[in-house]
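# Structural description and commentary
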Amino acid sequence: MFIYLTYQTRMLPGSEAISNRLYVQELTGNQFWVTASFKNTSERAFNGDGYSIYIYDISDDVANSFLTPSPDFFTEFPKSDRDSWTKVTWRKSPIKESENKIVDFAIWSRSTLPESNKLKENKLIRKILSEKGNYYAYAVSIQSYGVSNVDFYILSPKEKKLICINHNT
């Protein structure tokens, strides 16, 4: 029980790295190590509302492996347990014009980050999504008033980044 609890709370040495490795397997179909070079998470409300963004660095070897990903990368991943949300598996960038409202919602946050940091990260995201050779995927919940929740993922072999965003309202 002690080991289980310390693993679940990320207090067990190495548990976060192992958890991240399993997480990226669910996202991409490949297990690889990632290191968060940037993260920002808000306090979560009682119902889970909040915002988080993680920008993970990936190695040269991993980045190169995504220059020509396997066919199931585009049809099977990312795995999602968001049953009532619309899921979009990995697509090649640039992003479609019709999906910009989803990106806008994904990168908008009420976080306490200084505006200059938000602009820097948002600029990187928009740059990656506008270039060829990158990938994006998402799960989204759209209500009558617009986007209400999104899990948005971006993979850039060129920048050697995996970006994971969750925004719930």
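Everything below is about the structure shown above.
This text gives an overview of the structure that appears in the document. All of these numbers come straight from a predicted model, not from anything done at the bench. (Residues numbered from 1 in each chain as written. Predicted model: local features only at pLDDT ≥ 70, side-chain atom pairs only at ≥ 80, totals over all residues. Heavy atoms only, no water.)

This brings us to the overall build of the protein. Helix and strand content of the protein: six helices and six strands. When burial is assessed residue by residue, the protein has 44% of its 169 residues classed as buried. Of the roughly 9,800 Å² that the protein leaves accessible, carbon and sulfur atoms contribute 53%. (Helix = DSSP H or I, 4+ residues; strand = E, 2+ residues; numbered from the N terminus. Buried < 20%, exposed > 50% of the residue type's maximum accessible area, 1.4 Å probe, protein only. Areas by Shrake-Rupley, 256 points an atom, 1.4 Å probe, with all protein chains shown as cover.)

Moving on: the layout of surface pockets. In this model, the largest pocket occupies a volume close to 500 Å³. Only α2 (15-28), β1 (35-41), β2 (50-57), β5 (146-156) and β6 (161-168) provide two or more residues apiece to the lining of the largest pocket. The biggest single contributor to the lining of the largest pocket is α2, with seven residues. Residue classes in the lining of the largest pocket are distributed as nine nonpolar, five polar and eight charged. (1 Å grid on protein atoms, 1.4 Å probe; cavity = no way out; pocket = protein on both sides within 12 Å on 5 of 7 lines; lining within 4 Å. Points joined across faces, edges and corners; volume = space filled by probe spheres on them. Nonpolar A, V, L, I, M, F, W, Y, C, P; charged D, E, K, R; others polar.)

The next subject is unusual backbone geometry. The omega angle of the peptide bond from Phe77 to Pro78 is 0 degrees, so this bond is cis rather than trans. With respect to the secondary-structure elements, Pro78 resides in the loop between α4 (71-76) and β3 (86-92). Residue Pro94 follows Ser93 across a cis peptide bond; omega there is 10 degrees. Examined against the element boundaries, Pro94 turns out to sit in the loop between β3 and α5 (100-107). One non-glycine residue with positive phi stands out, namely Lys160, at about 60 degrees. In this fold, Lys160 is placed in the loop between β5 and β6.

Applying the stated criterion across every chain, the model contains 10 aromatic pairs. Relative to Phe74, the ring of Phe73 has its centre 5.1 Å away and its plane inclined at 80 degrees; by these criteria the two rings are edge-to-face. On the accessibility criterion, Phe73 (1% relative accessible area) is buried. With a centroid separation of 5.4 Å and 80 degrees between ring planes, the pair formed by Phe73 and Tyr135 is classed as edge-to-face. Separated by 62 residues along the polypeptide, Phe73 in helix α4 and Tyr135 in strand β4 (residues 135-143) bring together distant segments of the chain. The two residues Phe73 and Tyr135 agree in class, both being buried. Each member of the aromatic cluster is reached from another via a ring pair, and the members are Phe32, Phe66, Phe73, Phe74, Trp90, Tyr135 and Tyr153. The ring of Trp33 has Arg21 lying over it, and the distance from NZ or CZ to the ring centre is 4.5 Å. A cation over an aromatic ring shows up here: Arg82 above the ring of Trp85, its NZ or CZ 4.3 Å from the ring centre. (Phe/Tyr/Trp six-rings, centres within 6.5 Å; stacked < 30°, edge-to-face > 60°. Lys NZ or Arg CZ within 6 Å of the ring centre and 35° of its normal.)

Moving on: the nonpolar core. Phe152, Ile163 and Ile165 are the most contacted members of the largest nonpolar core, which has 24 residues in total. Broken down by secondary-structure element, the contributors of at least two residues to this core are β2, α5, α6 (115-130), β4, β5 and β6. In terms of residues, this core owes the most to one element, α5, which gives five residues. Here Phe152 is in contact with Ile95, Ile102, Val103, Ala106, Leu129, Tyr136, Ala137, Tyr138, Ile163, Cys164 and Ile165, once residues within four sequence places are set aside. With 18 residues, the next largest nonpolar core counts Val34, Phe66, Tyr153 and Leu162 among its residues. (Core = buried A, V, L, I, M, F, W, Y, C linked by side-chain atoms within 4.5 Å. Contact = heavy atoms within 4.5 Å.)

Structural measurements only, silent on function.
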